[in-house]
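Topology and contacts: notes
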Number of protein chains: 2
Amino acid sequence: MKTDPESHARMTQRRREGHEKKQAQATVEKGLLIVNTGTGKGKSTAAFGMAVRVLGHRMKLGVVQFIKGALHTSERDFLGAQGNCEFITMGDGYTWNTQDREADIATARKGWNEARRMIESGEYQMVILDELNTVLKYEYLPLDEVLKVVNARPEMVHVVITGRHAPDALVEAADLVTEMRLVKHPYREQHVKAQRGVEF
Amino acid sequence: MKTDPESHARMTQRRREGHEKKQAQATVEKGLLIVNTGTGKGKSTAAFGMAVRVLGHRMKLGVVQFIKGALHTSERDFLGAQGNCEFITMGDGYTWNTQDREADIATARKGWNEARRMIESGEYQMVILDELNTVLKYEYLPLDEVLKVVNARPEMVHVVITGRHAPDALVEAADLVTEMRLVKHPYREQHVKAQRGVEF
């Protein structure tokens, strides 16, 4: 898109006006329910990117990692070491490793109790529930109970929920839903292994 | 998806085998070219989530933020304050604010010189080029030049490029491409303003 200086100025002026109009209309402030779903990469990763922003503003962050509890993750090392962050990991690894539905349900319940405490306290400006969608898909927790707590959250608390297969009712309740769609993936196509710093 | 214990165990066993088979085939290690594109949210955010992982592993991170230079961002406050991170911001805000194509080109060139230095040095295990796709779309930098440097990067350097409208040739060269697709957005639909900790 190469243009002469005059039409470039006209185009950027139009964009600026459109942007300013949208900004002027956007006056509501509230804690958002944010859902990152889809089968592509970047769902948890984008949540941890928001964690960076929250901590950069010296706001308080809570994280409950469902599912990935048994895995050592560098996000836990890094974010958990920050003063303004409480980082809890739950779960005995991916569900295909435990093969025990009752144990998974008990672990999900423990994680949810922590999540609920964080949300209801109103002390955390953002609570990230990593892989909660997966927990809901397997019906390890009742969706109704989760929705009730999330919908009744204190006004300025952002809740971020990640994982494939977000339930329809959660998508409906959310303020911001992004689907991460896989275009190309080195694992599958090139037999590249999971890389330190990229995927864990 | 509620199942009896036996079929649950069979299903999780199958998943485990599938996962282990994929892992066994994945033996290649290399620096990846990662592109986050699409019109949805989470492109830069997911890049900053990878930044958390890189810093959690005590690897060295370089960031060049194109376009957003004049905006104050909390990711810059937070990541830029980490010992292992060099964080450079370039640009005088979004292009529709400057309305000066020649100035934008000069700023893009300055940012690219820093990016090129970081990539070619081999000292940074990850280099994030935030909003570079936008710079390429406006042809502020020649795509060929960018591709040449990125494709010739030292073996274990990950390069992450974000922004809408990734050029086809960049998608082709990439190892991992994710399209962030908007499902619901509070700005447009509910007039919610950009929220501290979520979007900046």
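Residues numbered from 1 in each chain as written. Chains lettered and ligands numbered in written order. Predicted model: local features only at pLDDT ≥ 70, side-chain atom pairs only at ≥ 80, totals over all residues. Heavy atoms only, no water.

Threshold: UniProt positions are given in the numbering used here, feature names are shortened, and annotations may be inferred rather than shown by experiment.
Chain A has the name Corrinoid adenosyltransferase in an unreviewed UniProt entry, where Paraburkholderia sabiae is given as its organism. According to its UniProt record, chain A has this under Sequence similarities (unreviewed entry): "Belongs to the Cob(I)alamin adenosyltransferase family." Under the UniProt heading Pathway (unreviewed entry), the entry covering chain A gives this text: "Cofactor biosynthesis; adenosylcobalamin biosynthesis; adenosylcobalamin from cob(II)yrinate a,c-diamide: step 2/7."

**Let's talk about the overall build of chain A**
To be explicit about the condition: Helical segments are the DSSP runs of H or I of at least four residues, strand segments are the runs of E of at least two, and each set is numbered from the N terminus. Burial status follows relative accessibility: with a 1.4 Å probe on protein chains alone, a residue under 20% of its type maximum counts as buried, one over 50% as exposed, and anything between as partly exposed. Any pair of residues with heavy atoms lying within 4.5 Å of one another is described as a contacting pair. Only the protein chains shown count as cover for residues, and the accessible areas themselves come from Shrake-Rupley with a 1.4 Å probe.
If you tally the helices and strands in chain A, you get nine helices and six strands. Looking at the 200 residues of chain A, the share that counts as buried comes to 54%. In chain A, 76% of the contacts between residues at least 6 apart in sequence involve partners at least 24 apart. Summed over all atoms, the accessible surface of chain A reaches about 8,600 Å², with 47% contributed by carbon and sulfur.

**So, helix H5 (residues 101–121) of chain B**
All names here are of chain B. The condition is simple: Multiplying 1.5 Å by the helix residue count minus one yields the expected span of that helix. Directions drawn from the helix axis to the C-beta atoms are what define this arc. Distance and chemistry together define a polar contact, namely a pair of N or O atoms within 3.5 Å, with one atom able to donate a hydrogen and the other to accept it when in protein, and with adjacent residues in sequence counting only for side-chain atoms on both sides.
The terminal C-alpha atoms of H5 lie 30 Å apart, and with 21 residues this matches the ideal 30 Å at 1.5 Å per residue to within 8%. Taken residue by residue, H5 has Arg 101, Asp 104, Thr 107, Ala 108, Gly 111, Trp 112, Ala 115, Met 118 and Ile 119 as its buried positions. Projected onto a plane normal to the axis of H5, the buried residues spread over an arc of 140° and lie on a single side. Turned more than 90 degrees away from the buried face of H5, the exposed residues are Glu 102 and Lys 110. If you check the start of H5, you find a side-chain oxygen 3.2 Å away from the backbone N of Glu 102, and it comes from Asp 100. Backbone geometry just downstream of H5 places Gly 122 in the positive-phi region, at approximately 70°.

**Some words on the pattern of salt bridges**
Applied cut-off: One side-chain nitrogen of Lys or Arg within 4 Å of one carboxyl oxygen of Asp or Glu is enough to make a salt bridge.
Taken as a whole, this structure holds 21 salt bridges over all chains when the rule is applied. For B:Glu179, the salt bridge is made with A:Arg181, and the minimal N-O distance between the two is 2.5 Å. Taken together, the residues span two chains, with B:Glu179 in strand S6 (residues 176–184) and A:Arg181 in strand S6 (residues 176–184). As a salt-bridge pair, B:Glu120 and B:Arg116 come within 3.2 Å of each other at their nearest N and O atoms.

**A short note on the sheet that holds strand S4 (residues 126–130) of chain B**
Stated formally: Strands are treated as partners if at least two bridges between them are detected by DSSP. Interaxial angles span 0 to 180 degrees and are taken between N-to-C directions of axes, which are lines fitted to C-alpha atoms, for helices over the stretch in contact.
The strand order across the open sheet built from 12 strands is S3(A)-S2(A)-S4(A)-S5(A)-S1(A)-S6(A)-S6(B)-S1(B)-S5(B)-S4(B)-S2(B)-S3(B), with neighbouring strands paired in mixed fashion. Two strands close off the open sheet at either side, each with one partner strand: strand S3 (85–89) of chain A together with strand S3 (85–89) of chain B. The sheet shows a mean angle of 15° between the axes of neighbouring strands, taken without regard to direction. Sheet topology places strand S2 (residues 61–65) of chain B next to S4(B); five bridges connect them, and they run parallel. Residue pairing across strands places B:Val64 opposite B:Leu129, the latter belonging to S4(B).

**Comments concerning the nonpolar core**
Going by this rule: Here, nonpolar core refers to any group of buried Ala, Val, Leu, Ile, Met, Phe, Trp, Tyr and Cys residues whose side-chain atoms link them within 4.5 Å.
If you look at the biggest cluster of nonpolar residues, it comprises 44 residues, and the most contacted ones within it are A:Leu61, A:Leu79, B:Leu61 and B:Leu79. Contact partners of A:Leu61, with chain neighbours within four places excluded, come to A:Ala51, A:Val54, A:Leu55, A:Asn84, A:Cys85, A:Glu86, A:Tyr124, A:Met126 and A:Ile128.

**Structural notes on the environment of B:Val63**
Residue and element names in this part refer to chain B. As for its placement among the helices and strands, Val 63 is situated in strand S2. With 64 residues separating them in the primary sequence, Val 63 and Val 127 have C-alpha atoms 5.6 Å apart. Excluding anything up to four places from it in sequence, Val 63 contacts Phe 48, Cys 85, Glu 86, Phe 87, Ile 88, Met 118 and Ile 128.

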